[in-house]
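Each chain, written out:
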Amino acid sequence: MDKTDAMKVMNSSGNLDQTWSFLPFPVPELKSRNMRIGPRGILKRSFAKGLDDFFRIYEGEYLNLHVEIQADEYHNALVHLYTNIDAPDGEWRELEFTRDSGGVHRLSYQVNRRGNYQFKMKYSLDGGDNWYWDRLSFSRVIVDKVSLKDIRMYTLIPTVSGTMKDWTDALVRIADLGFNSLHLLPITELDVSESPYSARDFFSIDGAYIGGAEDPAFSEFRRFVEAARETGIRLCFDLTLNHVGVASNIVERCPEWITPDRKEKDGMKRAGCWHMNTWLRWEDLVRIYYDHPHPEIQADIWDYMTKYSLFWAHFANLTGGMVRLDNLHSSHEGFIGHLMKELRDAFPDLIV
């Protein structure tokens, strides 16, 4: 029976005279790219093997990998690296390993661009007629700015460390101690718990940090940033991306931006983190709903949180500094990928 016959159905008289004309389109073809999952136990690799493993190198350094094929008869084997390292956005490329006299396939590639990359190995055992994917998952490579090698960080803890004027006055002393970078916990307006990581407004500075000064908060802040730059101190700002204060302006004006939880009296899911094998629940923090099912609301959330990140990254960038992504292990992977591109496009020299 050919495909035309197979599309017919029996009528009440048992005759094949009716066709399935309501099918929306032909069954799509499965297009093989001549790739298979490779045989087990044939490879010995030099690189990370788990989902949580990754390489961390600096731009200009070499990514060095080697692979041994554990069978002498495969002397025509070829090994390639399928990766987005140094490739234009959205594109992937293949890098070829070289087989040495001992039969080991080696790759030494100088990485030229900072970024977060992935790679997966593919190989052929018959000189390129048939190809196999490595059984391992994609490996990750984080390529950092070279200046990250020489970070000597001093941390100011608002409000224990005084006001912004005190911070400005302390910059020379901090530099004289041998530090070249200054980490600030979030300085945004504090919510009801008065934790620096519980923001009431992401685009604000808490009044406690200006000590009742008559000037607007950002005037004092500008003086602090300018003094840091003049002193040669890089500023590092925390970005709190996963959650916001339970009484924040987001909760007041856009409660649909918060992940729902019907078990809570207020219907909002609390944030937290893993400590050892225990989940620590934070009563003062509610989770931001990055997976909101309404596309326009989701777009609003992503746009707002991206602009919040760019806002504080701008001041860090003025000093050749950096941003820290707080509680990264609990962050929304899709949004973080989006944000990293936005940060790198806007501030190529920013350290993350």
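Data block above holds the structure.
The structure presented is a predicted model; accordingly, all values stated were derived computationally and were not measured.

## Details of the environment of isoleucine 205
- You can see isoleucine 205 is positioned in the loop between strand S17 (199-201) and helix H3 (217-231).
- Spatially, the C-alpha atom of isoleucine 205 lies 12 Å from that of arginine 222, the residues being 17 residues apart in sequence.
- Non-local contacts of isoleucine 205, meaning those with residues more than four positions away in its chain, are made with Met164, Ile187, Thr188, Glu189, Ala217, Phe218, Phe221 and Trp312.

## Notes on the side chain of lysine 122
- Mapped onto the secondary structure, lysine 122 falls in strand S11 (residues 115-124).
- The buried category is assigned to lysine 122, whose relative accessible area is 10%.
- A polar contact of 2.9 Å, which involves the side chain of lysine 122, links it to the side chain of glutamate 94.
- In this structure, lysine 122 is in contact with Met35, Leu78, Val79, His80, Glu94, Trp131, Tyr132 and Trp133, ignoring residues within four places of it in sequence.

## Focus on the pattern of salt bridges
- In total, this model carries 20 salt bridges according to the counting rule given.
- One salt bridge connects lysine 149 with glutamate 61, and the closest N-O pair in it is separated by 3.2 Å. In this pair, lysine 149 sits in the loop between strand S13 (139-144) and strand S14 (153-156) while glutamate 61 sits in the loop between strand S5 (54-58) and strand S6 (62-69), placing the two residues 88 residues apart along the sequence.
- Residue lysine 341 pairs with aspartate 345 through a salt bridge whose shortest N-O separation is 2.7 Å. Note that lysine 341 and aspartate 345 are positioned in helix H6 (residues 333-346) at a spacing of four residues, about one turn of the helix.
- Residue class for lysine 341 comes out partly exposed when judged on its relative accessible area of 41%.
- Through salt bridges that share partners, Glu59, Arg114 and Asp349 make up one connected network.

## Some remarks on the packing of aromatic side chains
- In the structure shown here, the tally under the stated rule is 28 aromatic pairs.
- Taking 5.5 Å as the distance between ring centres and 80° as the angle between the ring planes, the aromatic pair formed by phenylalanine 47 and phenylalanine 119 counts as edge-to-face. Taken together, the residues span a long stretch of sequence, with phenylalanine 47 in the loop between strand S4 (43-45) and S5 and phenylalanine 119 in strand S11 at a distance of 72 residues.
- Taking relative accessible area as the criterion, phenylalanine 47 reaches 5% and is therefore assigned buried.
- Ring geometry for phenylalanine 203 versus tyrosine 304: centroids 5.3 Å apart, planes at 75°, classification edge-to-face.

## Considering the packing of helix H2 (residues 164-176) against H3
- H3 packs onto H2 with a crossing angle of 5° between their chain directions and a minimal axis gap of 9 Å. Here H3 runs roughly parallel to H2, going by the angle between their axes. Seen from H2, the contacting residues are Met164, Lys165, Trp167, Thr168, Leu171, Val172 and Ala175; seen from H3, they are Glu220, Phe221, Phe224, Ala227, Ala228 and Thr231.
- For the contact of H2 with H3, the class distribution of residues is nine nonpolar, two polar and two charged.

## Thoughts on the sheet that holds S14
- Pairing is parallel in the open sheet, where four strands are placed in the order S14-S15-S18-S22. Single-partner strands in this sheet number two, and they are S14 and strand S22 (322-325). For this sheet the average axis-to-axis angle between neighbouring strands, irrespective of direction, equals 25°.
- Where S14 and strand S15 (residues 181-184) come together, four bridges link them in parallel fashion.

## Side note on H3
- Here H3 spans 21 Å end to end across 15 residues, near enough to the 21 Å set by a 1.5 Å rise per residue.
- Residues of H3 that are buried include every one of Ala217, Glu220, Phe221, Phe224, Val225, Ala227 and Ala228, and no others. Burial along H3 is one-sided: seen end-on, the buried residues are contained in an arc of 165°.
- Elements that come into contact with the buried residues of H3 comprise H2, S15, strand S18 (234-239) and helix H5 (295-318).

## Some details on H5
- Compared with an ideal rise of 1.5 Å per residue, which puts 24 residues at 34 Å, H5 spans 34 Å between its outermost C-alpha atoms and is within 8% of the ideal.
- Among the residues of H5, those classed as buried are Ile297, Ile301, Trp302, Met305, Thr306, Tyr308, Ser309, Trp312, Ala313, Phe315 and Ala316.
- One or two residues past the end of H5 sits glycine 320, with phi positive at roughly 70°.

What counts, and at which threshold
Residue numbers run consecutively from 1 along every chain, following the written order of its sequence. Restriction of local features to residues with pLDDT of at least 70 applies here, the model being predicted, together with a cutoff of 80 or more for giving and counting side-chain atom pairs; totals for whole chains, interfaces and linings are based on all residues. Each side-chain value is derived from all of the structure's non-hydrogen atoms; neither hydrogens nor water enter the calculation. Helix numbers and strand numbers start at the N terminus; a helix is a DSSP run of H or I with at least 4 residues, a strand a run of E with at least 2. We call two residues in contact when some of their heavy atoms are within 4.5 Å. Residue burial is assigned from relative accessible area. The probe radius is 1.4 Å, only protein chains are included, and a residue is buried under 20% of its type maximum, exposed over 50%, and partly exposed in between. The term polar contact refers here to a pair of N or O atoms within 3.5 Å; inside protein, the definition further demands a hydrogen-donor-capable atom paired with an acceptor-capable atom, and it admits residues adjacent in sequence only when both atoms are side-chain atoms. A side-chain nitrogen of Lys or Arg and a carboxyl oxygen of Asp or Glu constitute a salt bridge if their distance falls within 4 Å. Pairing of aromatic side chains requires ring centres within 6.5 Å, counting the rings of Phe and Tyr and the six-membered ring of Trp. Pairs whose planes differ by under 30 degrees are stacked, by over 60 edge-to-face, and all others tilted. Lines are fitted to the C-alpha atoms to define the axes, a helix being fitted only along its stretch in contact, and any angle between axes, read from their N-to-C directions, falls within 0 to 180 degrees. To sort the angles, those under 35 degrees are grouped as roughly parallel, those over 145 as roughly antiparallel, those from 65 to 115 as roughly perpendicular, and the leftovers as oblique. Three classes are used: nonpolar for Ala, Val, Leu, Ile, Met, Phe, Trp, Tyr, Cys and Pro, charged for Asp, Glu, Lys and Arg, and polar for all others, with Gly counted as polar. In this description, strands pair whenever DSSP reports at least two bridges between them. Working rule for helices: expected span equals 1.5 Å times residues minus one. The directions considered for the arc run from the helix axis to the C-beta atoms.

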